[in-house]
Amino acid sequence: MEVRYNNKICIFAPLSSKLDKRVCQRLFSKLSAENRQIALDLSYVNDCTVDFCEALTDLAKEKNIGIFNIPSDIFALFNIMNIDKCTNLFVSEIDFEENSRRLIRRKFSFV
């Protein structure tokens, strides 16, 4: 796991291609101990399990988490599980640092 520190931001980049239960426990124990603003860089990740999504949702109730560089398969899963409602999803690290251009799924319907 790669950890980068900026002024008030801590960016975690899991180097595992699959976020399973073991990796999630290790990752979220470090995330919960961090006092700075937290971001997850998912550029190396190709797959994640339900354990990751549930742990992310639970941690998002306590802390403000930003996620960027999300692969399309995981982004679709986040939208289905409504994770975009409890965390901030961004396209790139620059968008996260500027806190602009969030990825938001709108549920429009025709009337």
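Scoring rules and cut-offs
- Numbering of residues begins from 1 in every chain and follows the order in which that chain's sequence is written.
- For this predicted model, a pLDDT threshold of at least 70 governs which residues receive local features, and a threshold of 80 or more governs which side-chain atom pairs are given and counted, while totals over whole chains, interfaces and linings are taken from all residues.
- To get the side-chain values, take all heavy atoms of the structure and skip hydrogens and water.
- Strands are runs of DSSP state E lasting at least 2 residues, helices are runs of H or I lasting at least 4, and numbering of each runs from the N terminus.
- Think of it in three bands: with a 1.4 Å probe and only protein chains considered, a residue is buried below 20% of the maximum accessible area for its type, exposed above 50%, and partly exposed in between.
- Charge assignment: positive for Lys and Arg, negative for Asp and Glu; neither His nor the chain ends contribute.
- What makes a salt bridge here is a side-chain nitrogen of Lys or Arg within 4 Å of a carboxyl oxygen of Asp or Glu, nothing more.
- Contacts described as polar in this section are N or O atom pairs within 3.5 Å, which, within protein, must combine one atom able to donate a hydrogen with one able to accept it, while residues neighboring in sequence count only if both atoms come from side chains.
- Working rule for contacts: check all heavy atoms of both residues, and any pair within 4.5 Å makes them a contact.
- The term nonpolar core refers to a set of buried residues drawn from Ala, Val, Leu, Ile, Met, Phe, Trp, Tyr and Cys, joined through side-chain atoms within 4.5 Å.
- By definition, two strands form a pair when at least two bridges between them are found by DSSP.
- Inter-axis angles, ranging from 0 to 180 degrees, are taken between N-to-C directions of lines fitted to C-alpha atoms, where helices are fitted over the stretch in contact.

J.: Whenever I open this one, the side chain of K63 confuses me. Can you help?
T.: You can see K63 is positioned in the loop between α2 (50-60) and β6 (65-68). No salt bridge forms around the buried K63; measuring N to O, its nearest opposite-charge neighbour E62 is 6.5 Å away. Separated by 2.3 Å, the side chain of K63 and the backbone oxygen of E34 make a polar contact. Each residue touching K63, except ones within four places of it in the same chain, is listed here: L31, S32, E34, N35 and I38.

J.: Help me understand the side chain of N88 in this model?
T.: Examined against the element boundaries, N88 turns out to sit in strand β7 (residues 88-89). In this structure the side chain of N88 is engaged in a polar contact, spanning 3.3 Å, whose partner is the side chain of R102. Setting aside its immediate chain neighbours within four residues, N88 contacts N64, I65, G66, I67 and R102.

J.: When you look at the nonpolar core in this model, what are you seeing that I'm missing?
T.: One recurring pattern in soluble globular proteins is that nonpolar side chains are buried together. If you look at the biggest cluster of nonpolar residues, it comprises 24 residues, and the most contacted ones within it are L40, L42, F52, L56, I67 and F78. For this core, the secondary-structure elements that each account for two or more residues are β2 (9-13), α1 (21-33), β4 (37-41), α2, β6 and α3 (72-80). If one sorts the elements of this core by residue count, α1 sits on top with five residues. Counting six residues, the second largest nonpolar core, distinct from the first, contains I9, I11, F68 and F96.

J.: Can you walk me through the sheet that holds β6 in this structure?
T.: Strands pair in a sheet through their backbones, by hydrogen bonds, and they do so in one of two ways: parallel or antiparallel. The strand order across the open sheet built from five strands is β1-β2-β4-β6-β7, with neighbouring strands paired in mixed fashion. Since the sheet does not close on itself, it has two edges, and those belong to β1 (2-5) and β7, each with one partner. As paired elements, β2 and β4 share four bridges and run parallel to each other. Residue pairing across strands places F12 opposite L40, the latter belonging to β4. Lying over the sheet, α2 contacts β4 and β6, oriented at roughly 140° with respect to β6.

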